[in-house]
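# A closer look at the structure
Chain by chain, the residues:
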Amino acid sequence: MQYRSTRGQAKNYSFEEAVMTGLGPDGGLFIPQEIPTLPSNWRQAWSQYSFQQLAVEILSLYIDDSEIPRADLTNLVDRSYATFRAEDVTPLFKVRDGLYVMELFHGPTFAFKDVALQFVGNLFEYFLERKNRNETSGKTHRLTVVGATSGDTGSAAIYGLRGKKNVSVFILHPDGRVSPIQEAQMTTVLDKNVHNLSVKGTFDDCQDIVKNLFGNKEFNTRHHLGAVNSINWARILAQTVYYFQAYFSLLRSLNIDPASAEADKINFDFSVPTGNFGDVLAGYYAYRMGLPTNKLLIATNENDILYRFFASQAYEKQTGEDGGVKSTLSPAMDILVSSNFERLLWYLARESESDEGKTESEELCDKAGQTVARWMQELKDQGVFRVADKAVLKAREIFDAARVTDAETSAGIRDFYQPKNANQTPYVLDPHTAVGVVAAEKLIERNNLKTYPAGPDILICLATAHPAKFSEAVENSLKNVAGFNFEKDVLPTEFIGLLEKERRVSHVERADPQLVIQVIEKELREEGISF
Ligand SMILES: *Cc1c(COP(=O)(O)O)cnc(C)c1O
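Residues numbered from 1 in each chain as written. Predicted model: local features only at pLDDT ≥ 70, side-chain atom pairs only at ≥ 80, totals over all residues. Heavy atoms only, no water.

## Description of the overall build of the chain
Heads up, the rule is: Runs of H or I in DSSP of at least four residues are treated as helices and runs of E of at least two as strands, each being numbered from the N terminus. As defined in this context, the radius of gyration uses C-alpha atoms, and a globule is described by 2.2 Å times the residue total to the power 0.38. Here the term buried applies to any residue with accessible area under 20% of the maximum for its type, exposed to any over 50%, and partly exposed to those in between, with areas from a 1.4 Å probe on protein chains only. Residue exposure ignores everything except the shown protein chains as possible cover, and the areas themselves are Shrake-Rupley values with a 1.4 Å probe. Positive charge is attributed to Lys and Arg, negative charge to Asp and Glu, and no charge count is given to His or to the chain ends. Every charge is mapped onto a representative atom, which is NZ of Lys, CZ of Arg, CG of Asp or CD of Glu.
Counting secondary structure elements, the chain contains 21 helices and 15 strands. Radius of gyration (C-alpha) of the chain: 22 Å, near the 24 Å computed for a compact globule of 531 residues. Referenced to the eigenvectors of the C-alpha coordinate spread, the extents of the chain come out at roughly 65 × 60 × 50 Å. Burial analysis of the chain (531 residues in total) assigns 58% to the buried set. Accessible surface, the chain: about 21500 Å² in total, of which carbon and sulfur atoms supply 47%. Seen as two clouds, the 57 positive and the 71 negative side-chain charges of the chain have centres 1 Å apart.

Here's what the structure looks like:
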């Protein structure tokens, strides 16, 4: 399998190149040159597979055996998910008849980004080790990962990369502006290759510094910068696995054979709390590969660019204070634009320009690249672009969108903790998952869905964070509910004492790229790295 850029100027990249460079040379994102289909007997053959076994089958459709031999891939997958606390890695939980949550938060940092980043860390290490084994000049290939975080990505990246050979990781966060738990999760990791930089400034300042460093050719060449943000293809790929796991676990729990007519009667809908569009995009790839999927529901908070796109065909940045980003109860979804949406746009551009059945030609692929490049330029210059009717119609075949306010999020947390009848199990939702669950209920109502077992619809909401991670929103929503006790009902033992643990963090007194460069180089030397 080879990879191309969504902006049309680069193709025939290997998986390794796509993963290690992150972003295409034309500024586009890497996508597979074609979407593989599932083996014809996949339902029977995979029905009893573990998460890890499914992962190997699915990943190997996108990674040639000549790039990563199957035995190595199996080993990478096994090591990546050995750090998860749940035996089936991403367990499914029924909250109401026909409504399930798939818990993606049993990894080291208690949020779904671990599912991808545990794998990405091992993948980086694997590729670097192999390069170094084959290097005859005596030089060592290394990677310096630099990233900015407002909270969640940083800790997942740190836990994915801690202790990895030939990788150093520097995570910049805005001083005093990440939640206490998130700050503690990042700064209590004491591995030598992990460096936290607390920068006086905002998250945007941190992000600008990171962009500046990536644009600094001399610095980049000296340190081989690597990125772990959600545009990395390996992250999307790793996330496709749990859609399959959800499908099989659900049918197993209902005692339905996946290859039976009974299974075919069920409509599978996925509701996905969405920010940068990585998680739900993985569902799109699963669907395009052949996973039975009725609708992928994009659940947004009040940062609703995607919701508005489906209503108006215009992809338009919000304007206002703080650069247009609203602070909500679900901060990991507070975005102005969704970086991974560009990947979907490429498919929409190609399909809307094709006559039925001729979507695969190289000419159409190149044209789609040009269209995406134009849209992205318009977004940059004018803050908006519009797509053709056909593109939105194509998207609506599989996607739907719902927008959930903070008030609805809080109400959802209360509602699911207080069951109204025997078909409901009390469940503490984190605010991001609450957005997904409330969106699912909106879809049920709007489309008049009949949920299983009374009807054919089953909705699976991806649970993206453990409720203890966003304790303030959860406690505020449930504080007046009799019998609720945060320590007893929510707090995992791993969080107890976390705030008091030893920390290591460097303070950067000004949001200045030069200062950050000084700190990075000083700490690399202390790590024993010469450059
Ligand atoms: C990152 C994140 C999301 C959003 O996922 P995207 O792939 O960016 O759409 C949702 N919830 C939580 C808790 C997250 O950390």
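What follows picks up the thread again.
## Considerations on the packing of aromatic side chains
Pairs of aromatic rings are described using the distance from one ring centre to the other and the angle between the two planes. For the record, the criterion: Stacked, edge-to-face and tilted are the three classes for Phe, Tyr and Trp ring pairs, Trp counted by its six-membered ring, which pair at centre distances within 6.5 Å; planes under 30 degrees apart are stacked, over 60 edge-to-face, the rest tilted.
Within the structure shown, the criterion is met by 36 aromatic pairs. Seen from their ring centres, Phe277 and Phe341 are 5.0 Å apart, and the 85° between their planes marks the pair as edge-to-face. Placement of the pair is Phe277 in the loop between strand E9 (267–273) and helix H12 (278–289) and Phe341 in helix H14 (residues 341–353), with a sequence separation of 64 residues. Taking the relative accessible area as the measure of exposure, Phe277 reaches 1% and is therefore buried.

## Observations concerning the pattern of salt bridges
We apply this condition: Take a side-chain nitrogen of Lys or Arg and a carboxyl oxygen of Asp or Glu: if they are within 4 Å of each other, that pair is a salt bridge.
Under the criterion given, the structure shown has 30 salt bridges. Among the salt bridges present, the one from Lys11 reaches Asp366, with a minimum N-O distance of 3.2 Å. With Lys11 in the loop between strand E1 (3–5) and helix H1 (15–21) and Asp366 in helix H15 (residues 362–382), this residue pair connects regions lying 355 residues apart in the sequence. Residue class for Asp366 comes out partly exposed when judged on its relative accessible area of 28%. We note a salt bridge from Arg96 to Asp415, for which the minimum N-O separation is 3.6 Å.

## Quick look at the sheet that holds strand E13 (residues 399–403)
Rules: Following DSSP output, two strands are said to pair if at least two bridges run between them. As a rule, the C-alpha atoms of each element are fitted with a line to give its axis, helices using only the stretch in contact, and angles between N-to-C directions run from 0 to 180 degrees. We call two residues in contact when some of their heavy atoms are within 4.5 Å.
Across the sheet, which stays open at both edges, the six strands sit in the order E3-E4-E14-E9-E10-E13 with mixed pairing between neighbours. Every other strand in the sheet has two partners, leaving strand E3 (92–96) and E13 as the edge strands with one partner each. If you compare each strand with its neighbour and ignore which way they point, the axes differ by 25° on average. Inspection of the sheet shows strand E4 (residues 99–103) paired to strand E14 (residues 457–463) by five bridges, in the parallel sense. Its bridge partner being in E14, Val101 is matched across the sheet by Cys461. The strands touched by helix H18 (residues 431–446) are E3, E4, E9, strand E10 (295–300), E13 and E14; relative to E14, the strand with the most contacts, the crossing angle is about 160°.

## Section: the UniProt feature "domain: Threonine synthase N-terminal" (unreviewed entry) in the chain
Applicable threshold: UniProt positions are given in the numbering used here, feature names are shortened, and annotations may be inferred rather than shown by experiment.
According to UniProt, the "domain: Threonine synthase N-terminal" (unreviewed entry) feature falls on residues 2–81. Along residues 2–81 one finds 42% helix and 8% strand; the C-alpha atoms at either end are 26 Å apart.

## Here's the deal with the sheet that holds strand E15 (residues 506–508)
The parallel open sheet is built from five strands, whose spatial order is E8-E5-E6-E7-E15. At either end of the open sheet lies a strand with only one pairing partner, and these are strand E8 (225–226) and E15. One ladder, built from six bridges, connects strand E6 (residues 167–174) with strand E7 (residues 194–199); its direction is parallel. Bridging from a neighbouring strand, Pro174 pairs with Val199 of E7. Against the sheet, helix H6 (residues 152–161) engages strand E5 (143–148), E6 and E7, with an angle of about 165° to E6. Of the strands in this sheet, E5, E6, E7 and E8 touch helix H8 (residues 203–215), which is tilted by about 150° from E5.

## Remarks on the packing of H14 against H15
Keep this limit in mind: Any angle that is under 35 degrees is reported as roughly parallel, and any over 145 degrees as roughly antiparallel; angles of 65 to 115 degrees are reported as roughly perpendicular and all others as oblique. Crossing handedness follows the turn of the near helix against the far one: under a right angle anticlockwise gives a left-handed crossing, and clockwise gives a right-handed one.
Interhelical geometry of H14 versus H15 gives an angle of 125° and a closest axis separation of 8 Å. One way to sum up the angle between H14 and H15 is to call them oblique. H14 and H15 meet at a crossing whose hand is right-handed. Residues Glu342, Leu345, Trp346, Ala349, Arg350 and Glu353 of H14 pack against Leu364, Cys365, Lys367, Ala368, Gly369, Thr371, Val372, Trp375 and Met376 of H15.

## Brief notes about the site of the ligand
Just so we agree on the cut-off: Here a residue is near a molecule or strand as soon as one of its heavy atoms is found within 4 Å of it. Pairing of N or O atoms within 3.5 Å defines a polar contact, subject to two protein rules: one partner must be a possible hydrogen donor and the other a possible acceptor, and residues neighboring in sequence count only if both atoms are side-chain atoms. Polar here means any residue other than Ala, Val, Leu, Ile, Met, Phe, Trp, Tyr, Cys and Pro, which are nonpolar, and Asp, Glu, Lys and Arg, which are charged; Gly is therefore polar.
Taken together, 15 residues lie near the ligand, and Lys113, Asp152, Gly275, Asn276 and Thr464 sit nearest. The contact in question runs from an oxygen atom of the ligand to an N or O atom on the side chain of Lys113, over 2.5 Å. Contact between the ligand and Thr464: a nitrogen atom at 2.8 Å from a side-chain N or O atom of the residue. For the ligand, the protein covers 97% of the area, taking 380 Å² as the surface of the free molecule. Of the residues that constitute the shell around the ligand, the class distribution is six nonpolar, six polar and three charged.

## Quick notes on the UniProt feature "domain: Tryptophan synthase beta chain-like PALP" (unreviewed entry) in the chain
The UniProt feature table records "domain: Tryptophan synthase beta chain-like PALP" (unreviewed entry) at residues 89–354. Between the end C-alpha atoms of residues 89–354 there is a gap of 40 Å, over a span that is 44% helix and 18% strand.

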